[in-house]
Amino acid sequence: MLKYVDAKVVFAEIPDEITLAINISGCPCNCKGCHSSYLAGDIGKPLIEYPKGYSDDFIVHVDELIEKSSGISCVSMMGGDSDPCLVNVLASYIKYTYPKLKVAWYSGRQELSDSIDLFNFDYIKLGPYKEEFGPLNSRTTNQRFYKVSGRELVDITNKFWKHETEN
């Protein structure tokens with residue numbers, strides 16, 4: 001089961017998109033200095049779950065969040081590393097049910113899970129937060145932000161960096 005703690009419409013998480021960012025709890029990554037360390041707990045409401053006794057069916061609770069967030073162009077799952085398979089199922093559901101919305105995933109893992117089908121995503125962030133390297137908007141970050149192009153990941157991390165202007 002994936003649980004979410006909150007969801008907010010944001011403008012900086014996905015370049016050039018108005019994004020519904022859904023904070024998913026149960027993060028197993030334990031990154032030192034994480035700005036959302038509360039998401040490590042098993043807290044919140046179900047976002048997607050398999051009912052007891054069923055193996056192929058799932059229940060999705062994301063519709064209300066999307067429908068009350070008018071004007072969004074993207075939905076991003078912030079976390080979900082405890083169950084990448086369900087993140088993939090949720091992304092597939094969003095792609096099918098809301099074909100005009102882009103889908104993103106912020107993962108704290110260094111490598112993309114084998115459970116992820118790139119067809120279901122438009123953007124993927126990979127990498128744990130490491131204080132010594134800074135967040136995505138730091139040129140020294142270890143994290144990478146990718147645009148999905150077909151079956152390839154194109155690194156667009158530099159879109160988060162402030163570009164100095166010449167005087």
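Please refer to the structure higher up on the page.
Definitions and limits used
- Residues numbered from 1 in each chain as written.
- Predicted model: local features only at pLDDT ≥ 70, side-chain atom pairs only at ≥ 80, totals over all residues.
- Heavy atoms only, no water.
- Helix = DSSP H or I, 4+ residues; strand = E, 2+ residues; numbered from the N terminus.
- Rg over C-alpha atoms; globule rule 2.2 N^0.38 Å.
- Phe/Tyr/Trp six-rings, centres within 6.5 Å; stacked < 30°, edge-to-face > 60°.
- Salt bridge = Lys/Arg side-chain N within 4 Å of Asp/Glu carboxyl O.
- Buried < 20%, exposed > 50% of the residue type's maximum accessible area, 1.4 Å probe, protein only.
- Pairing = 2+ DSSP bridges.
- Contact = heavy atoms within 4.5 Å.
- Expected span 1.5 Å × (residues − 1).

A. Geometry of the overall build of the protein. The helix and strand tally for the protein stands at two helices and nine strands. Along the protein, helices and strands appear, N-terminal first, in the series β-β-β-β-α-β-α-β-β-β-β. In terms of overall size, the protein behaves like a compact globule, its C-alpha atoms giving a radius of gyration of 16 Å where 167 residues would be expected to give roughly 15 Å. C-alpha atoms of the protein, sized along the principal axes, occupy 65 × 35 × 30 Å.

B. Structural view of the packing of aromatic side chains. Per the counting criterion, the structure on display carries four aromatic pairs. Consider the rings of Y123 and F145, whose centres lie 5.7 Å apart with planes at 25°: the pair is stacked. With Y123 in strand β7 (residues 123–126) and F145 in strand β8 (residues 144–149), the pair connects residues that are 22 residues apart, well separated along the chain. Put simply, the rings of Y106, Y123, F145 and F160 pair up and form one aromatic cluster.

C. Just the pattern of salt bridges, in detail. Following the criterion strictly, the structure yields eight salt bridges and no others. With its nearest N and O atoms 3.7 Å apart, the salt bridge here joins K8 to D6. Notably, a salt bridge pairs D155 with R144, separated by 2.9 Å at the nearest N-O pair. Residue D155 is located in strand β9 (residues 152–155), and its partner R144 is located in strand β8; the two are separated by eleven residues in the primary sequence. On the basis of relative accessibility, which here comes to 36%, the residue D155 falls in the partly exposed class. By relative accessible area, which is 24% here, R144 ends up partly exposed.

D. Representation of the sheet that holds strand β4 (residues 59–60) in the model. Reading across from one edge, β4-β3-β1-β2-β5-β6-β7-β8-β9 is the order of the nine strands in this open sheet, with mixed pairing throughout. At either end of the open sheet lies a strand with only one pairing partner, and these are β4 and β9. In terms of strand pairing, β7 meets β8 through four bridges, oriented antiparallel. Bridge assignment links L126 to a residue of β8, and that residue is R144.

E. Seen up close, the environment of L136. Within the secondary structure, L136 is located in the loop between β7 and β8. In this structure, the C-alpha to C-alpha distance between L136 and M77, residues 59 residues apart in sequence, is 16 Å. Setting aside anything within four residues of it in sequence, one finds L136 in contact with Y106, K125, T141, Q143, R144, F145, T157, F160 and W161.

F. Quick peek at helix α2 (residues 84–97). With 14 residues, α2 should cover 20 Å at 1.5 Å per step; its first-to-last C-alpha distance of 20 Å lies within 8% of that length. All of the buried residues in α2 are P84, L86, V87, N88, V89, L90, A91, Y93 and I94.

G. A look at unusual backbone geometry. Positive phi, close to 65°, is recorded for D16, a residue that is not glycine. Position of D16 relative to the elements: it lies in the loop between β1 (2–10) and β2 (19–24). Assessed through its relative accessible area of 68%, D16 is described here as exposed. We note that N30 has phi near 50°; this positive angle belongs to a residue other than glycine.

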